[in-house]
Amino acid sequence: MIFLRQTVRVAVLTLLVIPITATPQAEAESRKRPQAGAGASARHMLTQLKVARPLSIRGYSHRRFQPRWAHHKGRCDAREVVLARDGRRVRKNAACNPVKGVWYSPYDGKWLRSEKQVDVDHVVPLAYAWRSGAGKWSQARRRAFANDLTRPELIAVSHSVNIAKGGQGPQSWRPPRRSYWCRYATSWITVKHHYRLSVTRKEKVALLNMLRTCRG
């Protein structure tokens, strides 16, 4: 009986000291999970956005926004900064280009182990921004938009899901992972609100539907 009690006591103490560690996916999700109240804040910002028909795509060119990625930290350009920020165990060469690392694509839930599999997505696509009012901006403002590291406009995702998204808005395309809809909608609205870009009626309805998945 004494031996049995000692065995049970050791087992209990062992359980108490076992460290609880999060999985890499859980860690990635926690970094990108909206804070409580994000949905309500996004709904409020959405009410302040002008509802209008999309403007003409005429005159649009990717180069009108981004002849190249802007440099932010020494030799590192905006794309390289995002890859380092969103990746794990990222190693860069002397030119700041990531040569090794692991990236989690929140749009489709894929783990990417090669920089060649990763794209840096503009949450609000450049062509879509053009039709929402950016076509009237100065070249400098468009360039700032395309390289914005302060707003949630740039994110590392899989190349395949970025190609599938293209220049579409939320009324036409949503992340395959429904659990990311809240974050995607709040990011979209935050960017449009900051830059005072308009939304279409269908776009607004789609965003409101996505915000219903927010918790807290």
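Residues numbered from 1 in each chain as written. Predicted model: local features only at pLDDT ≥ 70, side-chain atom pairs only at ≥ 80, totals over all residues. Heavy atoms only, no water.

(A) Structural detail: the nonpolar core. Judged by nonpolar contacts, the single largest core of 35 residues is most densely connected at F65, Y107, F145 and Y184. For this core, the elements supplying multiple residues, two or more each, are α3 (38–47), α5 (126–131), α6 (139–146), β7 (154–158), α8 (181–195) and α9 (201–211). No other element matches α8, which puts eight residues into this core. Ignoring sequence-local partners within four residues, the contact set of Y107 consists of D121, V123, I155, V157, V161, K165, W173, P175, P176, R177, Y180 and Y184. V82, V118, V120 and L154 belong to the second largest nonpolar core, which has ten residues in total. (Core = buried A, V, L, I, M, F, W, Y, C linked by side-chain atoms within 4.5 Å. Buried < 20%, exposed > 50% of the residue type's maximum accessible area, 1.4 Å probe, protein only. Helix = DSSP H or I, 4+ residues; strand = E, 2+ residues; numbered from the N terminus. Contact = heavy atoms within 4.5 Å.)

(B) Focus on the packing of α6 against α8. Packing of α6 against α8 leaves a shortest axis separation of 12 Å and a crossing angle of 160 degrees. Classified by the interaxial angle, the pair formed by α6 and α8 is roughly antiparallel. The handedness of the crossing between α6 and α8 is right-handed. The segment α6 lies against α8, with R141, A144 and F145 engaging V191, H194 and Y195. Taken together, the residues that form the contact of α6 with α8 break down as four nonpolar, one polar and one charged. (Axes fitted to C-alpha atoms, helices over the stretch in contact; angles between N-to-C directions. Parallel < 35°, antiparallel > 145°, perpendicular 65-115°, else oblique. Left-handed = near helix turned anticlockwise from the far one by under 90°. Nonpolar A, V, L, I, M, F, W, Y, C, P; charged D, E, K, R; others polar.)

(C) Structural view of the packing of aromatic side chains. Applying the stated criterion to the full structure yields 14 aromatic pairs. Pairwise contacts between aromatic rings join Y60, F65, W130, W137, F145 and Y195 into one cluster. Lying over the aromatic face of W137, R141 brings its terminal NZ or CZ to 4.9 Å of the ring centre. Sitting above the plane of the W181 ring, R174 keeps its charged end 5.6 Å from the centroid. (Phe/Tyr/Trp six-rings, centres within 6.5 Å; stacked < 30°, edge-to-face > 60°. Lys NZ or Arg CZ within 6 Å of the ring centre and 35° of its normal.)

(D) Structural context of the sheet that holds strand β3 (residues 87–92). One open sheet accounts for three strands, arranged β3-β4-β5; its pairing is antiparallel. In this open sheet, the two edge strands, each paired with only one partner strand, are β3 and β5 (110–112). For this sheet, the mean angle separating the axes of adjacent strands, direction not counted, is 10 degrees. Strand direction decides the pairing type here: strand β4 (residues 98–105) and β5, joined by three bridges, are antiparallel. Residue S105 lies in a different strand from β5, and its bridge partner there is K110. Its contacts with the sheet place helix α4 (residues 78–86) against β3 and β4, and it is angled at close to 135 degrees to β3. (Pairing = 2+ DSSP bridges.)

(E) Examining the state of the cysteines more closely. For the coordinates displayed, the defined rule picks out two disulfides. One disulfide bridge connects C76 with C96, the sulfur atoms lying 1.7 Å from each other. Taking the sign of the S-S torsion, about 80 degrees here, the bridge from C76 to C96 comes out right-handed. Here C76, found in strand β2 (residues 76–77), pairs with C96, found in the loop between β3 and β4; they are 20 residues apart in sequence, far enough to count as distant. Both residues of the pair, C76 and C96, count as buried. Two residues, C182 and C214, share a disulfide whose sulfurs are 2.0 Å apart. For the disulfide bridge between C182 and C214, the dihedral angle about the S-S bond is near 105 degrees, and by the sign convention the bridge is right-handed. Of this pair, C182 sits in helix α8 while C214 sits in the segment after α9, placing them 32 residues apart in sequence. For the pair shown, C182 and C214 are each scored as buried. (Disulfide = S-S within 2.5 Å.)

(F) Examining the side chain of N162 more closely. Of note, N162 is situated in helix α7 (residues 159–165). On the basis of relative accessibility, which here comes to 16%, the residue N162 falls in the buried class. Apart from the residues within four sequence positions on either side, N162 is in contact with D119, D121 and V157.

Any link to function would need more than the numbers given here.
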